[in-house]
Amino acid sequence: MAMMLQALALATLAACPVSASYAFYVGKNLTADGSVLVGGTGEEVSSHWLQLFPARDHASNATITVGVTKNAVIPGELIQIPQVNHTLRYLSMEYSDYEGFPAPLTNGGLNEKGVAVRDVWADNRQELIDMTPTPQHGLQYSDLARVVMERASTAREGVEIIGDLIAKHGEATYGGNSHLIADQDEGWIVWEMAGGAGLWAAQRLGPNEVKVLYPGYIEDFPVDFNDSGDFMGSDNIVSFAVEQGWWSSASGKPFNIFNVYGPQDPQYTARDGGYKYMSQAALENATLAMAPVTEEDLMARVRDCRIADDEAGYGQVVSLRAGVDRDLLRVWIAPTTSVASPFVPWWLGVQSVPPEFGEHRYLTTGASSSFLNPDYQLQEASVFAGRVFKRVLYYMCSAPKTYLPVVTTMLTGFEAQSRTQVSDWVEKTARVLIAQGQREAAQKLLTFYSHTRAAEALQIGQTMVQSLDGYIKLTGQWRDPKGSQINDAGEGDETVNCLVGYDPDQPADKQQHPLIKRSYKRRSQARMNKMWLSNR
């Protein structure tokens with residue numbers, strides 16, 4: 001019996017994600033300039049880099065490879081599906097690793113139609129994970145995010161594309177996932193379910209809503225959703241639950257997606273599951289309290305040290321509003337966790353990404369067991385922004401009460417200067433050039449400014465690293481590691497963070513060190529399973 005329980009716990013652990021992501025949505029009636037605001041990060045161990053994908057035309061018989069391999073947490077096989085004749089230009093933070101999910105991967109980004117996509121984990125109940133057929137086939141979370149960026153002209157169309165592709169080709173899962181898709185008018189949460197039955201549900205987010213996904217969630221859902229413009233879903237999203245005995249209209253309870261398809265754990269609620277130091281509810285309330293919300297405000301939310309730590313691979317804030325030329329669509333990106341790195345503005349009109357912000361071997365899958373591809377030798381010879389700002393994080397978080405305020409002031413000061421320049425002359429000049437028919441000149445201007453500002457950000461990062469390194473060593477604060485392993489043991493372990501205390505409402509002198517309360521952070525059922533196994 002004990003062996004059976006252990007096997008079950010291991011199966012559950014294997015089916016749950018070892019990394020995650022979070023996303024913010026702020027409706028246009030709650031923002032300072034009437035924009036829809038989207039922010040967030042991807043929480044993966046691997047390397048992250050910025051990449052621009054140009055618009056492309058494809059042959060009528062072109063295909064794309066999608067799915068997962070036999071090495072995935074739920075094994076699968078890669079398949080080919082048809083490509084569309086034309087794909088859109090988009091900007092994305094790419095990354096190199098999630099077990100069995102072929103690189104490069106993406107959590108999403110921004111396309112030339114002004115559609116922004118964020119990928120966010122969303123656990124399912126264990127029965128769905130158990131019934132997922134193997135080898136599984138279909139599009140996985142990164143495939144879906146990428147296809148939406150390549151094809152969608154509106155957020156609603158992005159949802160329809162996901163639903164259509166799942167119906168035609170299936171979905172390959174690691175145990176449940178969600179996407180936030182937004183445009184200048186609205187947002188949509190799409191929750192894709194494990195189980196191999198093509199289950200998915202989507203809910204519209206309107207102009208007066210704030211939503212934070214960590215994980216993604218949908219609650220009350222109409223059984224007659226096809227009659228509503230605010231909900232979409234697979235044809236079987238209600239009937240499947242009835243057939244499994246998970247919901248009945250006779251119960252008198254509303255059909256609630258989280259309660260029916262989410263983890264069946266009384267400690268979990270849709271908005272408050274103890275996943276981070278701030279729950280979804282707390283983050284939503286804190287964001288709503290800032291209304292009218294600005295880009296600067298959302299940057300502060302994304303880099304809040306209670307949710308942004310070593311796990312955050314980058315920071316991203318997108319402003320979406322009507323009447324913006326496709327080349328002037330702008331996204332602010334921090335090259336690693338934004339608690340330790342500045343947001344730099346990038347436009348869809350930029351013509352290239354500097355090598356320092358492109359792909360490098362640091363934390364890239366396979367780097368420790370292979371030599372460099374000669375084609376990448378100059379790229380690899382350049383300084384990697386992600387590594388520089390990781391060093392800022394590690395030095396800063398060694399004594400956050402001392403260094404966090406100083407570094408944060410430098411980062412926000414840099415961003416304030418960027419915002420002034422962007423509004424005062426960069427975008428004004430680019431608009432004039434576009435109006436005069438000089439689009440290429442406008443693109444060169446935007447490229448020059450983004451490259452210049454990225455280089456200045458990198459220089460600031462290097463200065464901070466050198467200053468913190470010297471100060472720590474010269475003042476006798478250096479400490480050698482006590483352990484023998486440089487890597488942690490995996491899911492649920494302590495990560496580098498800059499928290500100076502657990503309760504943000506308590507005075508600094510009365511706050512506890514984060515390690516005392518670290519066990520409060522529980523990302524998924526896998527954490528509990530791991531604790532159960534380690535205590536046996």
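Cut-off values and rules
Residues numbered from 1 in each chain as written. Predicted model: local features only at pLDDT ≥ 70, side-chain atom pairs only at ≥ 80, totals over all residues. Heavy atoms only, no water. Core = buried A, V, L, I, M, F, W, Y, C linked by side-chain atoms within 4.5 Å. Buried < 20%, exposed > 50% of the residue type's maximum accessible area, 1.4 Å probe, protein only. Helix = DSSP H or I, 4+ residues; strand = E, 2+ residues; numbered from the N terminus. Pairing = 2+ DSSP bridges. Disulfide = S-S within 2.5 Å. Salt bridge = Lys/Arg side-chain N within 4 Å of Asp/Glu carboxyl O. Contact = heavy atoms within 4.5 Å. 1 Å grid on protein atoms, 1.4 Å probe; cavity = no way out; pocket = protein on both sides within 12 Å on 5 of 7 lines; lining within 4 Å. Points joined across faces, edges and corners; volume = space filled by probe spheres on them. Nonpolar A, V, L, I, M, F, W, Y, C, P; charged D, E, K, R; others polar. Expected span 1.5 Å × (residues − 1).

Per an unreviewed UniProt entry, the protein chain goes by Dipeptidase and derives from Neonectria punicea.

On to the nonpolar core, then. Counting 124 residues, the largest nonpolar core has Phe221, Ile237, Phe255, Ile257, Tyr261, Trp346 and Met396 as the members making the most contacts within it. By size, the runner-up hydrophobic cluster in this structure holds 27 residues, among which are Ile79, Ala145, Met149 and Val190.

Residues in a regular strand project their side chains so that they alternate between the two faces of the sheet. In terms of burial, strand β13 (residues 200–205) is largely enclosed, as five of its six residues are buried. With six bridges connecting them, strand β12 (residues 187–192) and β13 associate as antiparallel partners. Pairing of Trp191 across the sheet is with Ala201, part of β13. Looking at chain direction, β13 and strand β15 (residues 231–233) are connected through three bridges and run antiparallel. Within β15, the position partnered with Gln203 by the bridge is Phe231.

What follows concerns the state of the cysteines. Counted by the stated rule, this structure contains one disulfide. Covalently, Cys397 is tied to Cys498 through a disulfide, its sulfur atoms 2.1 Å apart. Disulfide Cys397-Cys498: torsion about the S-S bond near -105°, hence left-handed. With Cys397 in the loop between α10 (385–396) and α11 (400–435) and Cys498 in the loop between α12 (439–474) and α13 (514–517), the pair connects residues that are 101 residues apart, well separated along the chain. Left unpaired, Cys305 is separated from the closest cysteine sulfur, that of Cys498, by 6.8 Å.

Another point: the pattern of salt bridges. In the structure shown here, the tally under the stated rule is 23 salt bridges. Among the salt bridges present, the one from Arg301 reaches Asp304, with a minimum N-O distance of 2.8 Å. We classify Arg301 as buried; its relative accessible area is 10%. Asp304 sits in the buried class, given a relative accessible area of 8%. Among the ionic pairs, Glu440 bridges to Lys444, the shortest N-O distance being 3.8 Å. Taken as a pair, Glu440 and Lys444 lie in helix α12 at a separation of four residues, close to a single helical turn. Its relative accessible area of 49% is what places Lys444 among the partly exposed residues.

Moving on, we come to the side chain of Thr287. In this structure, Thr287 sits in helix α7 (residues 280–288). Of the residues examined, Thr287 reaches a relative accessible area of 1% and is grouped as buried. Dropping the residues within four chain positions of it, Thr287 is found in contact with Phe24, Val26, Val210, Val293 and Arg301.

According to the stated counting rule, one finds three cavities of 30 Å³ or more in the structure shown. Roughly 60 Å³ of internal volume is contained in the second largest cavity. In this structure, the second largest cavity is lined by His48, Trp49, Leu50, Met93, Ile333, Pro335, Phe357, Phe384 and Gly386. Here the lining of the second largest cavity gets three residues from one element, more than from any other, and that element is strand β3 (residues 48–53). Among the residues making up the lining of the second largest cavity, the classes are represented as seven nonpolar, two polar and no charged.

What follows concerns unusual backbone geometry. Leaving glycine aside, a negative phi is the common case for residues, and trans is the common case for peptide bonds. With an omega of -5°, the peptide bond between Thr134 and Pro135 qualifies as cis. Here the phi dihedral of Leu363 falls at roughly 65°; this positive angle occurs in a residue that is not glycine.

Bringing α12 into the picture now. In a regular helix each residue adds 1.5 Å, so 36 residues correspond to 52 Å; α12 covers 52 Å between its end C-alpha atoms and thus fits that length. One or two positions beyond α12, positive phi appears at Gly476, with a value near 75°.

This next bit is on the layout of surface pockets. Computed from the structure, the second largest pocket encloses a volume of approximately 430 Å³. Lining of the second largest pocket is provided by 23 residues; of these, Ile64, Thr65, Tyr90, Arg146 and Glu150 occupy positions nearest its centre. Elements supplying a minimum of two residues to the lining of the second largest pocket: β5 (63–66) and α3 (141–151). The element best represented in the lining of the second largest pocket is α3, accounting for five residues. Considered class by class, the residues forming the lining of the second largest pocket number twelve nonpolar, seven polar and four charged.

The subject of this paragraph is helix α8 (residues 295–302). Counting buried residues in α8 gives six out of eight residues, a clear majority hidden from the surface. Next to the buried residues of α8 lie β1 (20–26), β2 (36–43), α7, β16 (315–320), β17 (330–334) and α11.

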